[in-house]
Amino acid sequence: MNPLQRMEAHKDSFTQNEMLIYKTISQNPSRIVHMTTSTLAEECGVSQPTLSRFIKGLGYNRYQDFRVALITWQATQEDLGAQGTDHLAYFNDLYQTIQQGEQLLTDEFLTETAAYIDGFDRVFLTGTGKSFQPAQLFEILIRKGRRIFHAVSRDLLIEVADVMGENDLLIVFSVSAGAHIMQDACRTNGKVLLVTANSMHAYGNQVDRTIVLPYLTPDPETSSLSPVMFDILVELLVRYLMREDQA
């Protein structure tokens, strides 16, 4: 992972001072590479020891290691831009996103998640726009295991949520986890599993589980890579659910 991806992966655990460092670097990474440790610490409004702990928390031994990694990543991005190879840049981003996903979607994680889903009487799936596609894919693929999962369009979500029981599960695919779908999803008496790219969503206390998938662009909603990760998760979960059947 490049330095910016490492920061994104750790940001949920940042302290207030670490968030100041994160925001300063994220806003203008090209400017950071010309700063010394003391200059960057002053720019962020934190002490040098705080900055050093932040860098080590990302997996770098020294600030210079972090700085070199940032320079290398920027050089790669500039080379791709200079060549005008947008399609290569896309594949590069996709490869980096999949690498992050690989760290999350471990055998242990998928086994436990599949067992969780397998414990419900009925499973419903929903999403809006491009986020509805993985719900439909899940319904189609799970049929191979002779199971019935119900993909429900956004228009029918309220009706379905109202008739769900305590041992029913609603899986919501939503890149941004916005109010337009989550308010209706959370009114159900069943359980809610949210699959999103927004780690800062406002429904942590209203859903039973959340899976946060990686993305690269500043705005997950505009990232064409987010639905790719949704599909990868669906494909893997279906395999693990079928393995549960054979066990």
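Residues numbered from 1 in each chain as written. Predicted model: local features only at pLDDT ≥ 70, side-chain atom pairs only at ≥ 80, totals over all residues. Heavy atoms only, no water.

Caption draft 1: Focus on the environment of Val207. Structurally, Val207 can be placed in the loop between strand S4 (191–196) and strand S5 (209–212). On the accessibility criterion, Val207 (9% relative accessible area) is buried. The spacing of Val207 and Ala185 is 22 residues in sequence and 8.9 Å in space, taken between C-alpha atoms. Setting aside residues no more than four positions away along its own chain, Val207 makes contact with Met182, Cys186, Val192, Leu194 and His201. (Helix = DSSP H or I, 4+ residues; strand = E, 2+ residues; numbered from the N terminus. Buried < 20%, exposed > 50% of the residue type's maximum accessible area, 1.4 Å probe, protein only. Contact = heavy atoms within 4.5 Å.)

Caption draft 2: Representation of the pattern of salt bridges in the model. Scanning the entire structure with this criterion turns up 10 salt bridges. Residues Asp168 and Arg122 are paired through a salt bridge, measuring 2.7 Å at the closest nitrogen-oxygen approach. Pair noted here: Asp168 is in strand S3 (residues 168–173) and Arg122 is in strand S1 (residues 122–127), with a separation of 46 residues, a long-range link. By relative accessible area, Arg122 is classed as partly exposed at 35%. Residue Asp184 pairs with Arg154 through a salt bridge whose shortest N-O separation is 2.8 Å. With Asp184 in helix H11 (residues 179–185) and Arg154 in the loop between strand S2 (150–152) and helix H10 (157–163), this residue pair connects regions lying 30 residues apart in the sequence. The exposure class assigned to Asp184 is buried, which follows from its relative accessible area of 14%. (Salt bridge = Lys/Arg side-chain N within 4 Å of Asp/Glu carboxyl O.)

Caption draft 3: How the structure looks around the pairing of S1. Counting buried positions along S1 gives five out of six residues, so the element sits mostly inside the fold. Judged from the three bridges that link them, S1 and S2 form a sheet pairing that is parallel. Pairing of Leu125 across the sheet is with Ala151, part of S2. For the handedness criterion, the β-α-β arrangement of S1, helix H9 (residues 133–142) and S2 is classed as right-handed. (Pairing = 2+ DSSP bridges. Right-handed = clockwise from strand over helix to strand, strands pointing away.)

Caption draft 4: Here's a closer look at the packing of aromatic side chains. According to the stated counting rule, one finds seven aromatic pairs in the structure shown. Centre to centre, the rings of Phe14 and Tyr22 are 5.9 Å apart; their planes meet at 55°, and the pair counts as tilted. Each member of the pair, Phe14 as well as Tyr22, carries the same accessibility label: buried. Judged by centre distance (5.5 Å) and plane angle (80°), the rings of Tyr60 and Phe66 are edge-to-face. Each member of the pair Tyr60 and Phe66 is classed as buried. Connected via pairs of aromatic rings, a cluster forms that spans Phe14, Tyr22 and Phe54. Against the face of Tyr60 rests Arg6, its NZ or CZ located 4.4 Å from the ring centre. A cation over a ring is seen here: Arg209 above Tyr116, with NZ or CZ 3.9 Å from the ring centre. (Phe/Tyr/Trp six-rings, centres within 6.5 Å; stacked < 30°, edge-to-face > 60°. Lys NZ or Arg CZ within 6 Å of the ring centre and 35° of its normal.)

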